[in-house]
Amino acid sequence: MEKTEVVVVGSGPTGLLLAAELALAGVDVVVLDKLTERRVQAKALNLQPRTAEVLDLRGLLDDAHERAIATVTEGHFARLPVPLRYDGWSARRPYQVGIPQARVEELLEERLLSHGTRVRYGHELVGLVQDSTGVTATVRVPNGDERTLRAAYLAGAVRAPTTYCSRSSASSPPSPRAASTPRPKRTPHGTP
């Protein structure tokens with residue numbers, strides 16, 4: 001059984017940035033994705049101003065600008081016909097960065113690789129058991145075999161609910177280490 005500190009399931013922008021931050025902090029992390037390779041089509045086309053700020057804080061914004069196709073100074077909200085202007089915001093980056101999601105993922109995967117961690121494409125999480133000290137993941141590898149992976153934590157960074165979510169014995173928060181933290185008792189409305 002392979003052991004690691006954290007398993008990240010999903011290699012979209014959220015999973016890649018989380019994994020890169022963990023690797024930067026010296027955490028042993030494994031990134032799994034059931035896709036056999038990174039998608040090249042764009043699922044999203046812009047980084048919002050706050051996202052641009054976060055990438056700037058991590059030293060990634062200049063690289064994102066080099067791969068961008070535009071800078072967008074206004075947007076929309078819920079397709080309303082009223083433009084959403086960013087110049088009145090108290091933001092360091094009051095604009096959207098016009099960059100396809102595939103290019104953002106490429107940038108973040110390069111950062112992850114710079115910390116010595118690769119995405120394991122073609123590795124699908126098919127089972128998950130949580131206990132008091134962590135999680136045991138069952139992973140289907142590209143040749144169809146199943147392997148076991150043990151970790152203190154697992155972070156799901158997939159866009160839609162997956163099959164393992166409904167079959168898993170793992171629960172949502174609290175995490176294994178947070179499970180010992182006492183929770184406030186709920187009382188009926190109006191009672192102390």
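Residues numbered from 1 in each chain as written. Predicted model: local features only at pLDDT ≥ 70, side-chain atom pairs only at ≥ 80, totals over all residues. Heavy atoms only, no water.

Caption draft 1: Up close: the overall build of the chain. Of the regular secondary structure elements, the chain holds 5 helices and 11 strands. For the chain, the proportion of its 192 residues judged to be buried stands at 34%. Partitioning the contacts of the chain with sequence separation of at least 6, the portion at a separation of at least 24 is 63%. For the chain, the accessible surface area stands at approximately 11,900 Å², while carbon and sulfur atoms represent 52% of it. (Helix = DSSP H or I, 4+ residues; strand = E, 2+ residues; numbered from the N terminus. Buried < 20%, exposed > 50% of the residue type's maximum accessible area, 1.4 Å probe, protein only. Contact = heavy atoms within 4.5 Å. Areas by Shrake-Rupley, 256 points an atom, 1.4 Å probe, with all protein chains shown as cover.)

Caption draft 2: Summary view of the packing of helix α1 (residues 13-24) against helix α4 (residues 101-114). It is the contact of α1 with α4, at a shortest axis distance of 9 Å, that shows an interaxial angle of 20°. One element, α1, and the other, α4, form an angle in the roughly parallel class. Considering how the two elements wind past one another, α1 and α4 form a crossing that is left-handed. Taken together, the residues of α4 that come into contact with α1 (itself represented by Pro13, Leu16, Leu17, Ala19 and Ala20) are Gln101, Val104, Glu105, Leu108, Glu109, Arg111 and Leu112. Classifying every residue of the contact of α1 with α4 gives 8 nonpolar, 1 polar and 3 charged. (Axes fitted to C-alpha atoms, helices over the stretch in contact; angles between N-to-C directions. Parallel < 35°, antiparallel > 145°, perpendicular 65-115°, else oblique. Left-handed = near helix turned anticlockwise from the far one by under 90°. Nonpolar A, V, L, I, M, F, W, Y, C, P; charged D, E, K, R; others polar.)

Caption draft 3: Geometry of a nonpolar patch on the surface. Together, Phe77, Leu80 and Val82 line one region of the surface with nonpolar side chains, adding up to about 340 Å² of accessible area. Here Phe77 lies in the loop between β5 (74-75) and β6 (84-85). Exposure remark for Phe77: the relative accessible area of 60% places this residue in the exposed category. (Patch = residues over 30% accessible without salt bridge, like charges linked within 9 Å, V, L, I, M, F, W, Y side chains within 5 Å. Salt bridge = Lys/Arg side-chain N within 4 Å of Asp/Glu carboxyl O.)

Caption draft 4: Fine view of unusual backbone geometry. For Arg79, which is not a glycine, the phi torsion comes out positive at approximately 60°. Within the secondary structure, Arg79 is located in the loop between β5 and β6.

Caption draft 5: Summary view of the pattern of salt bridges. Summed over all chains, the structure comprises 12 salt bridges. Arg120 is the partner of Glu2 in a salt bridge, and the nearest nitrogen-oxygen pair spans 2.7 Å. Of this pair, Glu2 sits in strand β1 (residues 2-9) while Arg120 sits in strand β8 (residues 119-121), and the two are 118 residues apart along the sequence. Assessed through its relative accessible area of 34%, Glu2 is described here as partly exposed.

Caption draft 6: How the structure looks around the sheet that holds strand β2 (residues 29-33). An order of β8-β2-β1-β11-β10-β9 is seen for the 6 strands of this open sheet, with the pairing classed as mixed. Of all strands in the sheet, those bounded by a partner on one side alone are β8 and β9 (124-131). With direction set aside, neighbouring strand axes in the sheet form an average angle of 40°. The sheet contact formed by β2 and β8 spans 3 bridges and is parallel. Directly across from Leu32, in β8, lies its bridge partner Arg120. Against the sheet, α1 engages β1, β2, β8 and β11 (146-156), with an angle of about 140° to β1. (Pairing = 2+ DSSP bridges.)

Caption draft 7: Fine view of α4. Counted at 1.5 Å a residue, the expected span for α4 with its 14 residues is 20 Å, and the 20 Å between its end C-alpha atoms agrees. Listing the buried residues of α4 in full gives Gln101, Ala102, Val104, Glu105, Leu107, Leu108, Glu109 and Leu112. In the core, the buried residues of α4 are packed alongside α1, β2, β3 (46-47), α2 (49-57), α3 (61-67) and β8. Looking one or two residues beyond α4, the residue adopting positive phi is Gly116, at roughly 85°. (Expected span 1.5 Å × (residues − 1).)

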